[in-house]
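# Topology and contacts: notes
Residues per chain, in single letters:
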Amino acid sequence: MGIFSGLFRNRDGPENRTAGSGYSFFMGGSSAGKLVTERSAMQMTAVYACVRILSEAVAELPVHVYRYNKDGSKEKAIDHPLYLLLHDEPNPEMSSFVFRETLMTHLLLWGNAYAQIIRNGKGEIVALYPLMPNKMTVDRDENGKLFYQYQRNTDEALKDTGTVILSPRDVLHIPGLGFDGLVGYSPIAMAKNAIGLAIAAEEYGSKFYANGAAPSGVLEHPGTIKDPSRVRESWQNTFGGSGNSNKVAVLEEGMKYTPISISPNEAQFLETRKFQINEIARIFRVPPHMVGDLEKSSFSNIEQQSLEFVKYTLDPWVIRWEQSIQRTLFTTEEKKSYFVKFNVEGLLRGDYASRMQGYATARQNGWMSANDIRELENLDLIPDEDGGNLYLINGNMLPLEKAGAFANTNDGKEDDSENEEILELEESGGRKSIRRENS
């Protein structure tokens, strides 16, 4: 029975062969013959652009810790220790923006983001430090419990080497898409062939211009050349490189130059490069116009594409962050009263005229006050005694029993108390009444 139980524990362990230190895929080799790793992929402009867009988008979002009140409302829990760590400074070495940008970059390249949780003697969290995903291994012990094994340094010349075993309580782990729900898979590893083809196409273009923007060919001589290598090097030094592309070649002794390579147009070089850029944008679900491809974008649809980016691309990443933070950094008791929220409302705002029209509707229908609107626009709040927190409604709106056939006419005469409606508005410390009498 012990043999079978051990077998099942091994089978149910995290599978991370494409994540962190377990990255394989034949050392990153792709079908295009190019080595593809997380670091080499960042040399591809489309990959770099997608990673930068998403990491900066998550890093720039305001993040707050909120507290539920007994009446069901919520407020910012500025006095909670995690508020300062998440909103301003997770550790003495970096700001909240840099911390989240770094972890989001790890998440996009390696499929996992790790941060070590530092606690004081009371068990309170005092700092969060990023950990490199390629040095982290997630596994289970003999009892089936998860643990994190971190390789400090791979350079033996450094004194601080060896591995450190961390419990799940000491690691903030944000996993990406994976097959077991515990460890995410590297998007770079899963899309290595598409990225490898893009790297190969870019390298081809570089070599094409390095060779004088002309295809390579054969130098033919009617006789026998004693030193062919010297002739080849002389030709390359004289006519090779983009700086020598306009030089006129003079051939002696009956020599003839015959190009043998196909042209970039025949190889559809430019089309291939363009398609691979869209392919990489598709991997990260980034709209093509955000990586510089405006072919299918216009003023009529680019705003809608930006809203879809927030809804379908950014929101899932934000939810991963929120739930991982909620699950790991709060105690069981705190989870009942506190929660973390990334504010994406600023990215969903339309143009100025659309926002003002929406605010006017909300204000007239009584579900937003002047201060609610001013807070969204980053304006100073109006004091409460000046009516900044008043919720108003349109005075023409009447209860159903007072309108039409439901009105109590009382033989054509209404009671004096029902002949007038009083709307009171507090402004500037005084009371103003607007009286409207029914004629």
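Computed from a predicted structure; not experimentally measured.

### Side note on the overall build of the chain
Secondary structure summary: the chain contains 14 helices and 13 strands in total. Put simply, the chain has 439 residues, and 32% of those count as buried. In the chain, 60% of the contacts between residues at least 6 apart in sequence involve partners at least 24 apart. By element, 52% of the accessible surface of the chain is carried by carbon and sulfur atoms, the whole surface being about 27,800 Å².

### Some words on the nonpolar core
The biggest cluster of nonpolar side chains holds 54 residues, and the ones touching the most others in it are Val47, Val65, Leu86, Ile280, Phe284, Trp321 and Phe342. Aside from chain neighbours lying at most four places away, what touches Ile280 is Met44, Ala46, Val47, Cys50, Ile195 and Ala198.

### What about unusual backbone geometry?
Phi is positive for Arg285, which is not a glycine, with a value near 55 degrees. One can find Arg285 in the loop between helix H10 (269–284) and helix H11 (302–329).

### A word on the packing of helix H4 (residues 45–60) against helix H6 (residues 96–110)
Viewed as axis vectors pointing N to C, H4 and H6 meet at an angle of 140 degrees, and their least axial separation amounts to 8 Å. Overall, the two elements H4 and H6 adopt an arrangement that is oblique. The way H4 lies across H6 gives a crossing that is right-handed. Residues Val51, Leu54, Ser55, Glu56, Val58, Ala59 and Glu60 of H4 pack against Phe97, Arg100, Glu101, Met104, Thr105, Leu108 and Leu109 of H6. Split by residue class, the contact of H4 with H6 holds eight nonpolar, two polar and four charged.

### A short note on the environment of Thr137
When you line up the elements, Thr137 lands in strand E5 (residues 136–140). Residue classification places Thr137 among the partly exposed residues on the basis of a relative accessible area of 26%. It is 5.9 Å that separates the C-alpha atoms of Thr137 and Tyr148, two residues lying 11 residues apart in sequence.

### Brief notes about the pattern of salt bridges
Counting across every chain of the model gives five salt bridges. Note that Glu75 and Arg67 form a salt bridge whose closest N and O atoms lie 3.1 Å from each other. Since its relative accessible area comes to 37%, Glu75 is described here as partly exposed. The closest approach of N and O atoms between Arg67 and Asp79, which form a salt bridge, is 2.5 Å. Here Asp79 lies in the loop between strand E2 (74–76) and helix H5 (81–87) and Arg67 lies in strand E1 (residues 63–68), a separation of 12 residues in the sequence. Under the relative-accessibility criterion, Arg67 is labelled buried at 16%. Residues participating in the shared-partner salt-bridge network are Arg67, Glu75 and Asp79.

### Considerations on the sheet that holds strand E3 (residues 112–119)
The three strands are arranged E4-E3-E8 in an open sheet whose pairing can be described as antiparallel. Taken across any chain shown, the strands that pair with only one partner, and hence form the sheet edges, are strand E4 (125–131) and strand E8 (171–175). This sheet shows a mean twist of 25 degrees between the axes of neighbouring strands, independent of strand direction. For E3 and E8, the ladder comprises five bridges, and the chain directions are antiparallel.

### Quick notes on the packing of aromatic side chains
Taken as a whole and assessed by the stated rule, the structure comprises six aromatic pairs. With 5.3 Å between their ring centres and 15 degrees between their planes, Tyr66 and Phe339 make a pair best called stacked. Residue Tyr66 is located in strand E1, and its partner Phe339 is located in strand E11 (residues 338–342); the two are separated by 273 residues in the primary sequence. For the pair formed by Tyr66 and Phe339, the shared burial category is buried. Each ring, one from Phe330 and one from Tyr338, has its centre 6.4 Å from the other, and the planes form 10 degrees; the classification is stacked. Each of the two residues, Phe330 as well as Tyr338, counts as buried. Pairwise contacts between aromatic rings join Tyr66, Tyr68 and Phe339 into one cluster.

### Looking at the packing of H4 against H11
It is at 11 Å that the axes of H4 and H11 come closest, and there the two elements cross at 65 degrees. Crossing hand, H4 versus H11: right-handed. Every residue of H11 that contacts H4 at Ile53, Leu54, Ala57 and Val58 is listed here: Phe309, Thr313, Leu314, Trp317 and Trp321. Broken down by class, the residue content of the contact of H4 with H11 amounts to eight nonpolar, one polar and no charged.

About the cut-offs
Residues numbered from 1 in each chain as written. Predicted model: local features only at pLDDT ≥ 70, side-chain atom pairs only at ≥ 80, totals over all residues. Heavy atoms only, no water. Helix = DSSP H or I, 4+ residues; strand = E, 2+ residues; numbered from the N terminus. Buried < 20%, exposed > 50% of the residue type's maximum accessible area, 1.4 Å probe, protein only. Contact = heavy atoms within 4.5 Å. Areas by Shrake-Rupley, 256 points an atom, 1.4 Å probe, with all protein chains shown as cover. Core = buried A, V, L, I, M, F, W, Y, C linked by side-chain atoms within 4.5 Å. Axes fitted to C-alpha atoms, helices over the stretch in contact; angles between N-to-C directions. Parallel < 35°, antiparallel > 145°, perpendicular 65-115°, else oblique. Left-handed = near helix turned anticlockwise from the far one by under 90°. Nonpolar A, V, L, I, M, F, W, Y, C, P; charged D, E, K, R; others polar. Salt bridge = Lys/Arg side-chain N within 4 Å of Asp/Glu carboxyl O. Pairing = 2+ DSSP bridges. Phe/Tyr/Trp six-rings, centres within 6.5 Å; stacked < 30°, edge-to-face > 60°.

Functional significance is not addressed by these values, which are geometric in nature.
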